[in-house]
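# Overview (structure and organization)
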Amino acid sequence: MTVTGGVWAFRDVEELDRAITTASEGLTRSITLDLSRADFLPSLGIGTLLSLRRRMRLHGADLTVVAAPGTVAHRVLMITGVEVVETDG
């Protein structure tokens, strides 16, 4: 699953939550989320990703977040200490 553009507002975060919940079959199947093309990721979006990851792990699944080094998302995730897998993007 890939995020393109920004996660700008609460509505975007809700949409991201719904999309990940659907793609992971109700948070029961592991998925990879590529943020290499995201150009804005506020604290609300980071909190949502952490919450989704925590909820998925309760079901034995995982949310792997990937981002290319040097991208906005990669820098934000590294600064905030969120586990991120580097990709060529």
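Shown above is the structure to which this text applies.
A brief look at the structure comes next. (Residues numbered from 1 in each chain as written. Predicted model: local features only at pLDDT ≥ 70, side-chain atom pairs only at ≥ 80, totals over all residues. Heavy atoms only, no water.)

Moving on, we come to the overall build of the chain. When you go through the chain residue by residue, the secondary structure sums to three helices and four strands. Counting helices and strands in the order they occur from the N terminus, the chain gives β-α-β-α-β-α-β. At 12 Å, the chain has a C-alpha radius of gyration in line with the 12 Å of a compact globule built from 89 residues. Counting only C-alpha atoms, the chain reaches 30 × 25 × 20 Å along its principal axes. Considering only contacts in the chain between residues 6 or more positions apart, those separated by 24 or more positions represent 65%. When the accessible surface of the chain is summed, it comes to about 4900 Å², and 54% of that surface belongs to carbon and sulfur atoms. With 9 positive and 11 negative side-chain charges, the chain shows a spacing of 4 Å between the two charge centroids. (Helix = DSSP H or I, 4+ residues; strand = E, 2+ residues; numbered from the N terminus. Rg over C-alpha atoms; globule rule 2.2 N^0.38 Å. Contact = heavy atoms within 4.5 Å. Areas by Shrake-Rupley, 256 points an atom, 1.4 Å probe, with all protein chains shown as cover. Lys, Arg positive; Asp, Glu negative; His and termini not counted. Charge placed at Lys NZ, Arg CZ, Asp CG, Glu CD.)

Formed by 23 residues in total, the largest nonpolar core has its most connected members in I20, L35, L63 and L77. If you list the elements that add at least two residues to this core, you get α1 (10-23), β2 (31-40), α2 (43-58), β3 (63-67) and α3 (72-80). If we skip the residues at most four places from it in the chain, L63 touches I20, I31, L33, L49, L52, R53 and M56. (Core = buried A, V, L, I, M, F, W, Y, C linked by side-chain atoms within 4.5 Å. Buried < 20%, exposed > 50% of the residue type's maximum accessible area, 1.4 Å probe, protein only.)

With respect to the helices, strands and loops of the structure, D12 is situated in helix α1. Within the buried core, D12 has no salt-bridge partner, and the shortest N-O distance to an opposite charge, that of R11, equals 4.0 Å. Sequence-distant contacts of D12, that is, excluding residues within four places in its chain, are made with G6 and V7. (Salt bridge = Lys/Arg side-chain N within 4 Å of Asp/Glu carboxyl O.)

A few words on α3. Each full turn of the α-helix corresponds to 3.6 residues, which orients residues three or four apart in the same direction. When α3 is considered as a whole, its buried residues turn out to be A73, H74 and L77. An end-on view of α3 places all buried positions within 100° of arc, on one side of the element. Buried residues along α3 sit in contact with β2, α2, β3 and β4 (85-86). Once α3 ends, the next one or two residues include G81, with phi positive near 80°. (Arc of directions from axis to C-beta.)

Bringing the sheet that holds β4 into the picture now. Overall, parallel pairing links the four strands, which are arranged β1-β2-β3-β4 in an open sheet. Only two strands of the sheet have a single neighbouring strand rather than two, namely β1 (2-6) and β4. This element, α3, spans β2, β3 and β4 of the sheet and lies at about 110° to β2. (Pairing = 2+ DSSP bridges. Axes fitted to C-alpha atoms, helices over the stretch in contact; angles between N-to-C directions.)

For the rest of this paragraph, the subject is the environment of L63. Mapped onto the fold, L63 is located in strand β3. For L63, a relative accessible area of 1% corresponds to the buried category. Each C-alpha atom, one on L63 and one on L50, is 8.9 Å from the other, the two residues being 13 residues apart in sequence.

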